[in-house]
Amino acid sequence: MITTRIAFLGLGNMGGPMAVNLAKAGHGVAAYDLSAEACAKAAQQPGVTIAPSAAAAVDGAQIVISMLPASRHVESLYLGDEGLLAKLPAGTLVIDCSTIAPASALKVAQAAAARGIAMLDAPVSGGTAGAAAGTLTFIVGGEADVLERARPVFQAMGKNIFHMGASSAGQVAKLCNNMALGVIMAVTGEALALGAAHGLDAKVLSQMMAVSTGRSWATEVCNPWPGVLENAPASRGYTGGFGNDLMLKDLGLAVEAAMGVGATIPLGELARNLYALNKQAGRGGLDFSSVVQLVSDKA
Ligand code: NAD
């Protein structure tokens, strides 16, 4: 197999295991994170070399991958006189896997193109479990031939690859998915709370819904009611999983993206407010399925 020299920037909950899977596939991985703790954790994994800075990590890299929290982190990493785009040679392939604003993704991709650097936005779905198992879905925006260059790298970290269109289309598609997820989780919690208030067993109600028309990932995999699914965050105090604050960020990006094109997303806007209320109630750091606690004190 052809191995590639890859710089991996951002070794958090998602980036850490993604970098490890690249190394397992035989690629040379030089990695960096602003957090010494994240670097120390990644350094314990075979095959991942920690660089002293982002600039040192990208030195000699054919491909640069970033997995950072939000738009401002991505823009400050790549743009400006001190940004990486000013340092990378033309011909480098840059892949940003963070979930960020489509407008921000476009701005960075245009700056890259002006320097002869190919860029893809490739946010992911599948969560930390998918990152560790190498089963992520990559939701890609950019040129088709650039995606073909990146395909072996995506295959080392994931299972499904979707080309959504030109630069920033990956981010738009990711926001569409997460907006649907946020609404479905909130209404699934409401349905279970309504049933429980009538004395129904939430487990049997969930089992019925899982084979009926109300079925979804929220009923079958990440059920928001404690005790229904042993491995769901709800059954371990809403810890682990996908944080309320990350869902809140994604719904905020969906609202911004809707305003940019005059799209109407009444349920998406309502859901953003529900997750904001859940944060105000002190559950920002918990799994987003804890949103059910807004409507029931039994959950
Ligand atoms: P995280 O906060 O665990 O990790 C982000 C890391 O980026 C941190 O370790 C931080 O120190 C580092 N960082 C920030 N700026 C940096 C810079 N300039 N250089 C190097 N490192 C820098 O976040 P995460 O859970 O890994 O999520 C990353 C992205 O993936 C987010 O955009 C998130 O929305 C998205 N995402 C997360 C999940 C999930 O389940 N956690 C699922 C799908 C998508």
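Residues numbered from 1 in each chain as written. Predicted model: local features only at pLDDT ≥ 70, side-chain atom pairs only at ≥ 80, totals over all residues. Heavy atoms only, no water.

By the naming in an unreviewed UniProt entry, the chain goes by 3-hydroxyisobutyrate dehydrogenase and is assigned to Pelomonas dachongensis. As recorded by UniProt, the Sequence similarities (unreviewed entry) comment attached to the chain reads in full: "Belongs to the HIBADH-related family." (UniProt positions renumbered as here; feature names shortened; annotations may be inferred.)

**Side note on the environment of arginine 236**
Examined against the element boundaries, arginine 236 turns out to sit in the loop between helix H10 (217–220) and helix H11 (244–261). Arginine 236 sits 58 residues away from asparagine 178 along the chain, and the two C-alpha atoms are 23 Å apart. (Helix = DSSP H or I, 4+ residues; strand = E, 2+ residues; numbered from the N terminus.)

**As for the packing of helix H1 (residues 15–24) against helix H7 (residues 144–157)**
Axes are the key here: two packed helices are described by the angle between their axes and the distance separating the axes. Between H1 and H7, whose axes approach to 8 Å, the crossing angle comes to 115°. For the element pair H1 / H7, the angle class is roughly perpendicular. Note on packing geometry: the crossing formed by H1 with H7 is right-handed. Of the residues in H7, those touching H1 at Met18, Asn21 and Leu22 are Val153, Ala156 and Met157. Among the residues forming the contact of H1 with H7, the class breakdown is 5 nonpolar, 1 polar and no charged. (Axes fitted to C-alpha atoms, helices over the stretch in contact; angles between N-to-C directions. Parallel < 35°, antiparallel > 145°, perpendicular 65-115°, else oblique. Left-handed = near helix turned anticlockwise from the far one by under 90°. Contact = heavy atoms within 4.5 Å. Nonpolar A, V, L, I, M, F, W, Y, C, P; charged D, E, K, R; others polar.)

**Section: the side chain of asparagine 223**
Relative to the elements of secondary structure, asparagine 223 occurs in the loop between H10 and H11. Of the residues examined, asparagine 223 reaches a relative accessible area of 0% and is grouped as buried. Side chain to side chain, asparagine 223 and serine 206 meet in a polar contact 2.9 Å long. Among residues more than four places away in sequence, those in contact with asparagine 223 are Leu192, Ser206, Ala218, Val228, Leu229, Ala232 and Ala234. (Buried < 20%, exposed > 50% of the residue type's maximum accessible area, 1.4 Å probe, protein only. Polar contact = N/O pair within 3.5 Å; in protein donor to acceptor, adjacent residues only side chain to side chain.)

**Side note on the packing of helix H8 (residues 169–197) against helix H12 (residues 266–283)**
Two numbers describe how H8 lies on H12: the axes approach to 9 Å, and their chain directions differ by 65°. As the angle between them shows, H8 and H12 are arranged roughly perpendicular. Between H8 and H12 the crossing geometry is left-handed. Between H8, through Met179, Gly182, Val183, Met185 and Ala186, and H12, the contact on the second element is made entirely by Leu267, Gly268, Ala271, Leu274 and Tyr275. The class makeup of the residues in the contact of H8 with H12 is 8 nonpolar, 2 polar and no charged.

**Thoughts on the UniProt feature "domain: 6-phosphogluconate dehydrogenase NADP-binding" (unreviewed entry) in the chain**
The feature "domain: 6-phosphogluconate dehydrogenase NADP-binding" (unreviewed entry), as given by UniProt, occupies residues 5–165 in the numbering adopted here. With 40% helix and 25% strand, residues 5–165 has end C-alpha atoms that lie 27 Å from one another.

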